[in-house]
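Residues per chain, in single letters:
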Amino acid sequence: EDGRRYQVTRDMKGERANLQLLRTFVDDNSLSDADEAFTDRAPLTLDAIGLLRLMDFVRQQPEQFFMEWPEGGQLHLKVPHPADWNISLRSKAGWFEVEGEIPIDEDTVLTTAQLLQLVAESPQSGFIRLSDTDFLAISDRLRKQLARIESLAVNNRGHVQISEFHASLLGSALNGEIDIKHDKTIDQLQRKIKKSMAQRPAVPVQLKAELRDYQTDGFQWMVRMTGWGAGVCLADDMGLGKTVQTIAFMLHTAQEGPALVAAPASVVLNWRRELERFAPTLRVTVLNSMADRHTAIDEAGTDDVVITTYGLFVTECDSLLDKKWNTVCLDEAHVIKNRQTKTSASVMRLQAKHRIILTGTPVQNHLGELWNLYQFINPGLLGSHDHFHDKYIVPIELQDNKERSRQLKRIVSPFMLRRTKQEVIEELPDKTEINMPVELSDDEMAVYEVIRRRAKQMLEDEQSAAGVSVNTLAEITRLRQAACSAQLAEKGWTGECSKINVLSDLLQEIVGGGNSVLVFSQFTSFLALVRQQLDQLKLPYLYLDGSVAVRQRDQLVQQFQRGLCPVFLISLKAGGLGLNL
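Residues numbered from 1 in each chain as written. Predicted model: local features only at pLDDT ≥ 70, side-chain atom pairs only at ≥ 80, totals over all residues. Heavy atoms only, no water.

### Here's the deal with helix H4 (residues 140-152)
The terminal C-alpha atoms of H4, which comprises 13 residues, lie 19 Å apart, in line with the 18 Å expected from a rise of 1.5 Å per residue. Taken residue by residue, H4 has Leu142, Arg143, Gln145, Leu146, Ala147, Ile149, Glu150, Ser151 and Leu152 as its buried positions. (Helix = DSSP H or I, 4+ residues; strand = E, 2+ residues; numbered from the N terminus. Expected span 1.5 Å × (residues − 1). Buried < 20%, exposed > 50% of the residue type's maximum accessible area, 1.4 Å probe, protein only.)

Written out as structure tokens, the structure reads:
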């Protein structure tokens, strides 16, 4: 240098120590593959995240390492100072508005909306991409805090908002590396939630039923959740008593004002019977049977329960919407799963202090149905439908995004209670299951075998096709019918039916012992053959399928419950909704 020669003595021990430090970092962060071990001589190729981790490592070891960049190829790794970030939550009309500015460096200042959008777009790593060349290194604790805020927030015309229904989930979002300022409304709401969730209300003495433990838990859960203003979804399996749990809740809140129950037509009369049976102190009005519906709605007060079909929301919409209800319960709530129907639009406008939906199938086809149900019980919780579509439906259903799926589950879970029969099996009455194999006669087996071979051949012929044809599916259905009775598959069949013969013997034995029996079948045509056999045996029976009118259906149920007829033949489709037998 400047015409003079210099000699430098290398610190080989220090270089080896630095190399070992670098090797340890590479191994600990899994930056190299087994086939591409990092050695003194072999180069190591890193992906974008690996490079960013290395840059952050070098930044923290200035005495041991430095980086050189080709001209124009440099990346910039910025280090945040969360203590300088000014983020606040302000209560406004049922929402908490997220406001503030985030200084990254002298040249970069982000709004809260921009930062949360960048968090959503960044991979699950310790870096947020600010631009093509700029990245922000964040700690795991800071990322979790930002991700929690982003999962709860919705962007409403440039305003970042969090629903008040998320107050119970805000704890970990408020406490972290960022000191988020918030007004006293949040603290007050959180105290209200804590107080409400500590309740252990007793089952009303007016309830003429003894609840099982899980049913008592369901009743108390509804009281606790609605006590701080949240709506709820009771999604227990069919047969676990969603109706009686809700009736207990209505008794608990009867003095606060009238209740409205909306249900499919096939379930309305069942609600009336259950209320009269379990809650005789409540006055029950079935709106569909009232001549002056407007007066019935207008005069409903404490201890009153008004029951209506969903269909009346179109004809009696104004009267139902003008009334301030204490409790609104939507039974079989998946009826309103389609947000574009008139019924759904009307139901959303109901005025209610407490909102309850009952359904065993919160999601039948796609997540959009879940959004509509939650829009009724907790409006705004999941944002607008467009927001929900972009944030959850597309990532979960189309991209299989596990993180978004976990976030959505965490948001909706507090407001949904679902128990399966397997979970509460110890509290249910014992069930004895006996399978009775029926051997078909040779003639019946011959009919069955012809259909089986034909269906098998059709399936083999379609193996190379994209899917199974309608004709093949029809043939498989015929095969199932032939397993019930050859006459269903071959109209000219005149022989005996082995299965009906066994069933006849069994029914006579059950009825002869003074017991009652339900006989279900998917095929009404098979039940028709059973009816012919019972007529010949002069064995009395009741019959229900989808063609039976609602009022007649109610009469049939009452006859069976009173023991007036021991045999009840029911099609699966007609018996799958609103029957308590």
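Still to come is the rest of the account.
### A short note on the pattern of salt bridges
According to the stated counting rule, one finds 24 salt bridges in the structure shown. Arg452 serves as the salt-bridge partner of Glu449, at 2.6 Å between the closest nitrogen and oxygen. Taken together, the positions of Glu449 and Arg452, both in helix H17 (residues 442-461) and 3 residues apart, correspond to about one turn of that helix. Among the charged side chains, a network of salt bridges with common partners joins Arg454, Glu475, Arg478 and Glu490. (Salt bridge = Lys/Arg side-chain N within 4 Å of Asp/Glu carboxyl O.)

### Description of the side chain of Asp304
Summarising the element assignment, Asp304 is placed in strand S13 (residues 304-309). Taking the relative accessible area as the measure of exposure, Asp304 reaches 13% and is therefore buried. Of the polar contacts made by the side chain of Asp304, one reaches the side chain of Arg283; its length is 2.7 Å. Asp304 has contacts with Pro258, Ala259, Arg283 and Glu299, leaving out every residue within four places of it along the chain. (Polar contact = N/O pair within 3.5 Å; in protein donor to acceptor, adjacent residues only side chain to side chain. Contact = heavy atoms within 4.5 Å.)

### With respect to the packing of aromatic side chains
Within the structure shown, the criterion is met by 6 aromatic pairs. Taking 5.5 Å as the distance between ring centres and 45° as the angle between the ring planes, the aromatic pair formed by Phe57 and Phe65 counts as tilted. Neither Phe57 nor Phe65 differs from the other in exposure class; each is buried. Chaining the aromatic ring pairs together yields one cluster made of Phe25, Phe57 and Phe65. (Phe/Tyr/Trp six-rings, centres within 6.5 Å; stacked < 30°, edge-to-face > 60°.)

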